[in-house]
Amino acid sequence: MTFSVSYVGRDGGGARLRLAGELDLSTAGELTAAIDRLTAAGETRVLLDLTDLTFCDSTGMAVFVRGDNQAAADGGWLRITGATGRVERVLRVTGLADVLRYQTESVDPAARSAS
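Structural notes, computed from the coordinates. Nothing here was measured: the structure is a model prediction, and the numbers come from that model. (Residues numbered from 1 in each chain as written. Predicted model: local features only at pLDDT ≥ 70, side-chain atom pairs only at ≥ 80, totals over all residues. Heavy atoms only, no water.)

1. Observations concerning unusual backbone geometry
- Here the phi dihedral of Arg101 falls at roughly 50°; this positive angle occurs in a residue that is not glycine.
- In this fold, Arg101 is placed in the segment after α4 (96-99). (Helix = DSSP H or I, 4+ residues; strand = E, 2+ residues; numbered from the N terminus.)

Listed below in structure tokens is the structure:
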């Protein structure tokens, strides 16, 4: 399966990226580039929708952490939502579910305290 990143604007500011397929060493650069473009455009709040992500290795997890660090440096955040199956399990086992304030439902973190 291939990997794709789709930009989906959302109300309340910030940006939502929808990930699909397999995020690994060979595809992580695509997500990194998408997050970098958002940061360069002044976005400080990024929500990653993982509903259609079927696989994520440690390289992908590192991109999540890097994106969160980048956003936090500018006073923002990166949050994740919608993970299922193996992806959700890896997020929970690694502790990233807590660090990135993972929500099982695709919600807008701006609607609650996200800082």
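2. Here's the deal with the packing of helix α1 (residues 28-40) against helix α2 (residues 58-73)
- Relative orientation of the contacting elements α1 and α2 amounts to 10°, with a least axis distance of 9 Å. Of the possible angle classes, the one that applies to α1 and α2 is roughly parallel. In this structure, α1 contributes Ala28, Leu31, Thr32, Ile35, Asp36 and Thr39 to the contact, and α2 contributes Thr59, Val63, Phe64, Arg66, Gly67 and Gln70. (Axes fitted to C-alpha atoms, helices over the stretch in contact; angles between N-to-C directions. Parallel < 35°, antiparallel > 145°, perpendicular 65-115°, else oblique. Contact = heavy atoms within 4.5 Å.)

3. Remarks on the pattern of salt bridges
- Throughout the structure, instances matching the rule amount to 5 salt bridges.
- Residue Asp49 pairs with Arg18 through a salt bridge whose shortest N-O separation is 3.9 Å. You can see Asp49 sitting in strand β3 (residues 45-56) and its partner Arg18 sitting in strand β2 (residues 15-23), a full 31 residues away along the chain.
- By relative accessible area, Asp49 is classed as buried at 4%.
- Glu88 is the salt-bridge partner of Arg92, the closest N and O atoms lying 3.1 Å from each other. (Salt bridge = Lys/Arg side-chain N within 4 Å of Asp/Glu carboxyl O. Buried < 20%, exposed > 50% of the residue type's maximum accessible area, 1.4 Å probe, protein only.)

4. Considerations on the environment of Leu19
- Structurally, Leu19 is set in strand β2.
- Among the residues examined, Leu19 registers a relative accessible area of 0% and is labelled buried.
- With sequence-adjacent residues up to four places away left out, Leu19 is seen in contact with Phe3, Ser4, Val5, Leu31, Asp49, Leu50, Asp52, Leu53 and Phe64.

5. Things to note about the nonpolar core
- Leu31, Leu50, Phe64 and Leu91 are the most contacted members of the largest nonpolar core, which has 27 residues in total.
- Those elements that place two or more of their residues in this core are β2, α1, β3, α2, β4 (77-81), α3 (85-94) and α4.
- Apart from residues no more than four positions distant in its own chain, Leu50 is found in contact with Leu19, Phe64, Ile80, Thr81, Gly82, Ala83, Val87 and Leu91. (Core = buried A, V, L, I, M, F, W, Y, C linked by side-chain atoms within 4.5 Å.)

6. Overview of the sheet that holds β2
- Pairing is mixed in the open sheet, where 4 strands are placed in the order β1-β2-β3-β4. The sheet is open, and its two edges are formed by β1 (3-9) and β4, each paired on a single side. Along the sheet, successive strands turn relative to each other by an average axial angle of 20°, direction set aside.
- Strands in contact with α1 are β1, β2, β3 and β4; relative to β2, the strand with the most contacts, it is inclined by about 175°.
- Along the sheet, α3 makes contact with β3 and β4, crossing β3 at roughly 120°. (Pairing = 2+ DSSP bridges.)

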